[in-house]
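Next come the chains, spelled out residue by residue.
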Amino acid sequence: MLYGLLLLPLLVFLGRRDKGALVRLSVLLPILSALLAPLLLGQMAGPFRLDGVGLFYLLLTDLLYAVIALFARGYFSEEEAWRFYWAGGLFLGAAHGAYLAHNLGVLWIFVEGSTLASALLVYHKGGARALEATWKYLMLGSVGIALGLIGVILVYALLSGATLDWREARALVGSANPEGLKLAFALLLVGFGTKVGLFPLQAWLPDAHAEAPGPASALLSGTLLNVAFYALLRYTALMQAAGLFPFASGLLLAFGLLSLLAAGFFLYGQKEYKRLLAYSSMEHMGLAVFALGLGLPWLALFHTLAHSLAKTLAFLGASGILALSHAKEVGRVGGLFRSLPALGVPFVLALAALGGLPPFPLFFAEFKAVEAAMRYPLLAALYLVGLGLAFAGLLGPMTQMGFGPGRPWKAQELDLWALWLLLAVLFLLGVRPPVEVFQALEVVLWTR
């Protein structure tokens, strides 16, 4: 059954090039996967096993993919649709493999697979700029993932070549050479951190988002970044089992804080709203890594959930804006609240959520991180400075696009209800964060 769950997304190819069939398959297959996955919790099949943390990310990816696939129905023409849904099916299959993997080598293979599949999404439109963005994405991603592979090989060697299984590795890692494990984790953090979009490894991120079509950007930011972050979670748990979490924590805090501060500066002066959202992804993945470095995996998991929902909403909203206005620049879009509230209200509120305003869940996540960081006053102060910079960088575009001068639009053939659905889920998570659920997932991560 686990192998069936792994291959389920590839059934999208049965739709051939028929847009209607592709839409139906692309919506129904991830929903079917989300319904089947809880029944397979704890099952093992060769190098695959589904635990609570893998189930969480699998469900999040499937449900967001279904929403994005349905929204894309009104966004892509008949000629373009098959390219998006075929590439999306390959990506979803790779993501499934990563979350089901219970083996160091298999996880690396599927993380790399997600890179190759998502490159097709970046190149979707074709042309010189798309080719440049795709090339940069593949080159930086491949160099990063190659460093990750060296880290995987080093961990395997330090375990005396005894196993690649996660559970067995956790049992054996305590007797491994600690200096070697530190080097391996540094390589893994740089390798997978490139895919996560951590500073200074994020050069691929703005170009990829700027050139990919809006629904593809929603997939890249809302689901792809989580695949590499999931690998970091697993290797951090391995360091914790080896008694080396203090070392891992220092690196995670440094990369997370640097990413936050750098994103705060990069957000200023961004003329294109999709590039703005790309740098916001860098900020929030940095915040998630920072929370992990604080020794709060539950908060890192919650932050990635809130970010995935808010960023999917923001990029789908940006898709609608670009489709209607044909303008990429912030200064050429305005008055969304008045001219088209069905699109403007959820989009602007998504920017508010990404800015960390209440009652949205990212406010709760950031507040909890500040609370924990107060043990280290300088760290907490820098964290607050980074949050202030990031919010200020988003405030201008949010004001201009929501309330600035603009012309009236009419939304045609766009499923804007998807934006309101995501907004409602964000609001509910902000009002009642399910902390107990995520703390239970932390136990799974640290102990199994």
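Fair warning: this is a prediction, and the values are worked out from it, not measured in the lab. (Residues numbered from 1 in each chain as written. Predicted model: local features only at pLDDT ≥ 70, side-chain atom pairs only at ≥ 80, totals over all residues. Heavy atoms only, no water.)

Participant: I'm lost on the overall build of the chain in this one. Help?
Facilitator: Summing up its helical and strand segments, the chain has 19 helices and two strands in all. Here the C-alpha radius of gyration of the chain, 21 Å, is about what a compact globule of 448 residues would show, namely 22 Å. If one aligns the C-alpha atoms of the chain with their principal axes, the spans along those axes are about 65 × 55 × 45 Å. Among the 448 residues that make up the chain, the fraction classed as buried is 64%. Averaging the locations of the 28 positively and 22 negatively charged side chains of the chain gives two centres separated by 3 Å. (Helix = DSSP H or I, 4+ residues; strand = E, 2+ residues; numbered from the N terminus. Rg over C-alpha atoms; globule rule 2.2 N^0.38 Å. Buried < 20%, exposed > 50% of the residue type's maximum accessible area, 1.4 Å probe, protein only. Lys, Arg positive; Asp, Glu negative; His and termini not counted. Charge placed at Lys NZ, Arg CZ, Asp CG, Glu CD.)

Participant: When you look at the packing of aromatic side chains in this model, what are you seeing that I'm missing?
Facilitator: Any pair of aromatic rings gets described here by the distance separating the centres and the angle formed by the planes. The full count for this structure, using the stated rule, is 23 aromatic pairs. When the ring of tyrosine 57 is compared with that of tyrosine 99, the centres are 5.6 Å apart and the planes differ by 15°; the resulting orientation is stacked. Residue tyrosine 57 is found in helix H3 (residues 52–72), and its partner tyrosine 99 is found in helix H4 (residues 78–100); the two are separated by 42 residues along the sequence. Accessibility classification places tyrosine 57 together with tyrosine 99 in one group, the buried group. Taken together, the ring pairs in this structure connect Phe56, Tyr57, Tyr99, Tyr230, Phe302, Phe364 and Phe438 into an aromatic cluster. (Phe/Tyr/Trp six-rings, centres within 6.5 Å; stacked < 30°, edge-to-face > 60°.)

Participant: What am I meant to see in unusual backbone geometry here?
Facilitator: The phi angle of most residues is negative, glycine excepted, and most peptide bonds adopt the trans form. Note the cis peptide between phenylalanine 199 and proline 200, where omega equals 5°. Along the chain, proline 200 turns up in the loop between helix H8 (178–196) and helix H9 (204–211). Here the residue pair proline 358 and proline 359 is connected by a cis peptide bond, since its omega of 10° sits within 30 degrees of zero. For arginine 16, which is not glycine, the phi dihedral falls at a positive 50°. With respect to the secondary-structure elements, arginine 16 resides in the loop between helix H1 (2–7) and helix H2 (19–36). Owing to a relative accessible area of 65%, arginine 16 belongs among the exposed residues under this scheme.

Participant: Explain the pattern of salt bridges to me, please; I cannot follow it from the model alone.
Facilitator: Side chains carrying opposite charge are able to pair once their charged atoms draw close together. Scanning all chains against the criterion turns up eight salt bridges. Residues joined by salt bridges that share partners form a network here, namely Lys136, Asp207, Glu272 and Arg275. (Salt bridge = Lys/Arg side-chain N within 4 Å of Asp/Glu carboxyl O.)

Geometry only, nothing functional implied.
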